[in-house]
Amino acid sequence: MEDVAVMVSDVNQMTFDFNNCNSVPNIQDTRLTFEYGKEKRGLHVKTCVLYVDVRNSVKLTHEHTIKKMGKVFTAFTKASLMAAYHHGGYVRNIIGDRVMVVFPEENCFMNAVECAISINHIASKVLGHKLCGVDFYCGIGIDYGDMYCIKAGMPRRGGGNTRNISD
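Here's a quick rundown of the structure.

1. Re the side chain of H64
Argument step 1. With respect to the helices, strands and loops of the structure, H64 is situated in the loop between α2 (57–63) and α3 (66–86).
Argument step 2. Classification of H64 as buried rests on a relative accessible area of 19%.
Argument step 3. When residues no more than four places from it in sequence are discounted, the contact partners of H64 are M69, G133 and V134.

Encoded structure:
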């Protein structure tokens, strides 16, 4: 608890600065910083963000085997990533059955819409037909606006970026 109290105090006292940028930052971007004991730097991007997720995924997991759903989620995620990269997007989050794609500001409207069309086509014409017996649909949303990017968490070094409970 003492360590948490020290960390919260440090975060509360630090300065926070956002710089404008036109690119989509990644985790190695040196313009984003962890803050402990110093200024925290983030980035401000005007961008389009596309979200896509599998509809009725909980119901599907009850209707199909684990192996079948593993194939569904693998094919869906890989297809979404391929479409994102094809249309100039950067995948910045995958959680369960949801993929988040961020586009650079230049042409972001057109690129996001074309990516959504591609993913919808893939979902309805390819995944829906190739994944026999799975009633496959996805939902897609696009938003445009200000995105403020920060690094949150704690820096970890080496191959063990995850911890075992016994650590």
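2. Comments concerning the packing of aromatic side chains
Argument step 1. Under the defined criterion, the tally for this structure stands at three aromatic pairs.
Argument step 2. Site record: aromatic cluster; members linked through ring pairs are F16, F18 and Y148.

3. Overview of the nonpolar core
Argument step 1. Of all hydrophobic cores here, the largest spans 26 residues; its most connected members are L50, F76, F103 and F136.
Argument step 2. Mapped onto this core, the elements with two or more residues apiece are β2 (40–54), α3, β4 (98–103) and α4 (108–130).
Argument step 3. The contacts of F136, once residues within four sequence positions are left out, are V54, V72, F76, A123, L127 and G128.
Argument step 4. Of all hydrophobic cores here, the second largest spans ten residues; its members include C21, L32, V45 and C149.

4. Points about the side chain of K151
Argument step 1. Summarising the element assignment, K151 is placed in the segment after β5 (138–149).
Argument step 2. For K151, the side chain forms a polar contact with the main-chain oxygen of I27, separated by 2.9 Å.
Argument step 3. Residue contacts for K151: discarding those within four places in its chain leaves I27, D29, L32, T33, F34 and K40.

5. Re a nonpolar patch on the surface
Argument step 1. A surface patch of nonpolar side chains, amounting to about 290 Å² of accessible area, comprises V4, M7, V8 and V11.
Argument step 2. Secondary-structure assignment places V8 in helix α1 (residues 2–13).

6. Let's talk about the environment of A116
Argument step 1. Residue placement: A116 occurs in helix α4.
Argument step 2. C-alpha separation for the pair A116 and L50, spaced 66 residues apart in sequence, amounts to 7.5 Å.
Argument step 3. Apart from the residues within four sequence positions on either side, A116 is in contact with L50, I140 and I142.

7. What to know about the environment of D53
Argument step 1. Here D53 lies in strand β2.
Argument step 2. Spatially, the C-alpha atoms of D53 and I95 are 9.4 Å apart, while their sequence positions differ by 42 residues.
Argument step 3. Among all residues touching D53, those that are not within four sequence positions of it are F76, D97, R98, Y137, C138 and G139.
Argument step 4. Of note is the side chain of D53, whose polar atom sits 2.9 Å from the side chain of R55.

8. Considerations on unusual backbone geometry
Argument step 1. Positive phi, close to 60 degrees, is recorded for N56, a residue that is not glycine.
Argument step 2. Mapped onto the secondary structure, N56 falls in the loop between β2 and α2.
Argument step 3. Backbone geometry at N107 places phi at a positive 60 degrees, although glycine is not the residue there.

9. Quick notes on the pattern of salt bridges
Argument step 1. Within this structure, the stated rule accounts for four salt bridges.
Argument step 2. With its nearest N and O atoms 2.9 Å apart, the salt bridge here joins R55 to D53.
Argument step 3. On the accessibility criterion, R55 (41% relative accessible area) is partly exposed.

10. Some thoughts on the layout of surface pockets
Argument step 1. Considering only enclosed or pocket space, the second largest pocket measures out at about 220 Å³ in volume.
Argument step 2. Residue lining of the second largest pocket: 14 residues in total, with P25, L32, R92, C149 and I150 positioned closest to the centre.
Argument step 3. Residue assignment for the lining of the second largest pocket shows that the elements contributing at least two residues are β4 and β5.
Argument step 4. By residue number, the principal contributor to the lining of the second largest pocket is β5, which donates three residues.
Argument step 5. A class-by-class count of the residues in the lining of the second largest pocket yields eleven nonpolar, one polar and two charged.

Cut-offs applied
- Residues numbered from 1 in each chain as written.
- Predicted model: local features only at pLDDT ≥ 70, side-chain atom pairs only at ≥ 80, totals over all residues.
- Heavy atoms only, no water.
- Helix = DSSP H or I, 4+ residues; strand = E, 2+ residues; numbered from the N terminus.
- Buried < 20%, exposed > 50% of the residue type's maximum accessible area, 1.4 Å probe, protein only.
- Contact = heavy atoms within 4.5 Å.
- Phe/Tyr/Trp six-rings, centres within 6.5 Å; stacked < 30°, edge-to-face > 60°.
- Core = buried A, V, L, I, M, F, W, Y, C linked by side-chain atoms within 4.5 Å.
- Polar contact = N/O pair within 3.5 Å; in protein donor to acceptor, adjacent residues only side chain to side chain.
- Patch = residues over 30% accessible without salt bridge, like charges linked within 9 Å, V, L, I, M, F, W, Y side chains within 5 Å.
- Areas by Shrake-Rupley, 256 points an atom, 1.4 Å probe, with all protein chains shown as cover.
- Salt bridge = Lys/Arg side-chain N within 4 Å of Asp/Glu carboxyl O.
- 1 Å grid on protein atoms, 1.4 Å probe; cavity = no way out; pocket = protein on both sides within 12 Å on 5 of 7 lines; lining within 4 Å.
- Points joined across faces, edges and corners; volume = space filled by probe spheres on them.
- Nonpolar A, V, L, I, M, F, W, Y, C, P; charged D, E, K, R; others polar.

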